[in-house]
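These are the residues of each chain, in order.
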Amino acid sequence: MSKILIIAEHDGDTLNPGTAKAVSCAQAIGGDIDILVLGEDITEVATQAAAIDGVTTVHATSAAHLAAPLAANWAAEIAAAADGYSHVLAPSSTFGKDVLPRAAALLGVNMVSDIAAVDGERSFKRPVYAGNAIAEVSVPDGDTVVATARTASWPAAKEGGSATVNERPAASEDAGHTRYVGLESGGGDRPDLQTARIVLSGGRAFGSAENFEQLYTVADKLKAGVGASRAAVDAGYVPNDMQVGQTGKIIAPELYMAFGISGAIQHITGIKDAGTIVAVNKDADAPIFEIADIGLVADLFTVLPELEQQLG
Ligand SMILES: Cc1cc2nc3c(=O)[nH]c(=O)nc-3n(C[C@H](O)[C@H](O)[C@H](O)COP(=O)(O)OP(=O)(O)OC[C@H]3O[C@@H](n4cnc5c(N)ncnc54)[C@H](O)[C@@H]3O)c2cc1C
């Protein structure tokens, strides 16, 4: 039977919902599911992890050198904690993509990225070529399966669990060569793009960073995350951590609203798992209307102030 260890993603206070999505992926694989919480003073996060349904044990390792999620330090701890586990999973977020390949290298195995479906304990499906093809991947017997779960493909496992919390001493030491300096978050208090229920995105049509303020105002009224097309990022209107798409973030909010975005395949690949897609574009032939559930042919600079007013 599989024994699965999930690496918790968190900010020191709150568990990222991607962790519960990785638990859903683990449930599809089947077997015992434990969670590893690394950090410093992580009692609260461990309690949140223990409340996820289907989890048996939460291993909580608190140490100064693990305080920030530095791959250089976390990977060694993960590799040590993986002993006895058949699978090590993390969400396919920026965090998982940073930490897990390094842990896989320390364990001497190849990594499977972006599990979208489970065919068996060691066989998975993952999207390739911007989601235009699905690859079937198998991990050889005897190798630890180290994999990220594609967050857009898995619902968050429900709460209601009561896992045991085990205080696990650190097995690693500070790597010494990599230092955490600080976190500068461009989004302020806005919800994280990859876990927000509602996301509003803007494209090249905004024309300037100042004009994006109109999008932020409406987003804040809706408590929404804000994304952007690559054209808007390349033009310098927004930072590149806001990019949605093939070379940006793959997201699956309940509601996605695209303003002045044409709908290039590389953008669509990042949003096609969204629940409802709304597009506002002044070109009635824009490709985004082909995948939009609701389309509005209009000028975004007229629509956004109206939306702001309606939302009060
Ligand atoms: C390898 C590769 C990877 C890529 N990865 C990504 C990626 O991850 N994410 C991504 O987004 N792109 C990506 N791209 C780029 C992609 O191909 C497109 O160039 C890009 O998505 C276009 O951005 P856009 O829709 O904002 O701009 P445009 O294509 O220029 O579209 C602007 C749209 O705004 C509309 N418009 C203009 N003015 C208004 C107005 N006032 N009101 C309403 N609508 C208006 C226009 O009708 C038009 O449809 C990638 C490309 C390559 C080659």
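Higher on the page you've got the structure.
Overview of the structure. (Residues numbered from 1 in each chain as written. Predicted model: local features only at pLDDT ≥ 70, side-chain atom pairs only at ≥ 80, totals over all residues. Heavy atoms only, no water.)

## Focus: the sheet that holds strand β11 (residues 198-202)
- Here we have 5 strands laid out as an open sheet, ordered β12-β11-β13-β14-β15, and parallel in their pairing. Lying at the two open borders of the sheet, with one neighbouring strand each, are β12 (225-228) and β15 (294-297). Geometrically, the sheet is characterised by an average inter-axis angle of 15 degrees between neighbouring strands, direction not taken into account.
- Sheet strands in contact with helix α5 (residues 209-222) are β11, β12 and β13 (255-259), and its direction is about 175 degrees off that of β11.
- Relative to the sheet, helix α9 (residues 300-311) contacts β13, β14 (276-281) and β15, its axis offset from that of β13 by approximately 135 degrees. (Pairing = 2+ DSSP bridges. Helix = DSSP H or I, 4+ residues; strand = E, 2+ residues; numbered from the N terminus. Axes fitted to C-alpha atoms, helices over the stretch in contact; angles between N-to-C directions. Contact = heavy atoms within 4.5 Å.)

## A closer look at unusual backbone geometry
- A positive phi angle, close to 60 degrees, is found at D114, a residue other than glycine.
- Inspection of the secondary structure puts D114 in strand β5 (residues 111-115).
- Residue class for D114 comes out buried when judged on its relative accessible area of 18%.
- Residues other than glycine seldom take positive phi values, yet K223 does so here, at roughly 55 degrees.
- Inspection of the secondary structure assignment puts K223 in the loop between α5 and β12.
- Judged by relative accessible area, K223 falls into the exposed class, the value being 65%. (Buried < 20%, exposed > 50% of the residue type's maximum accessible area, 1.4 Å probe, protein only.)

## Points about the packing of aromatic side chains
- Here the structure, examined in full by the defined rule, presents 4 aromatic pairs.
- On the basis of an interplanar angle of 45 degrees and a centroid distance of 6.1 Å, the ring pair of F212 and Y216 is categorised as tilted. Taken together, the positions of F212 and Y216, both in helix α5 and 4 residues apart, correspond to about one turn of that helix. You'll find F212 and Y216 in the same group, each marked buried.
- Connected via pairs of aromatic rings, a cluster forms that spans F206, F212, Y216 and F301. (Phe/Tyr/Trp six-rings, centres within 6.5 Å; stacked < 30°, edge-to-face > 60°.)

## Things to note about the site of the ligand
- Among the 25 residues in the neighbourhood of the ligand, the closest are listed as R204, S229, T247, S262 and N281.
- Here an oxygen atom of the ligand sits 2.8 Å away from a polar atom, N or O, in the side chain of Q266.
- Within the complex, the protein chains bury 76% of what would otherwise be the 990 Å² of accessible surface of the ligand.
- Across the shell around the ligand, the residue classes break down as 8 nonpolar, 12 polar and 5 charged. (Near = heavy atom within 4 Å. Polar contact = N/O pair within 3.5 Å; in protein donor to acceptor, adjacent residues only side chain to side chain. Areas by Shrake-Rupley, 256 points an atom, 1.4 Å probe, with all protein chains shown as cover. Nonpolar A, V, L, I, M, F, W, Y, C, P; charged D, E, K, R; others polar.)

Taken by themselves, the reported measurements are silent on function.
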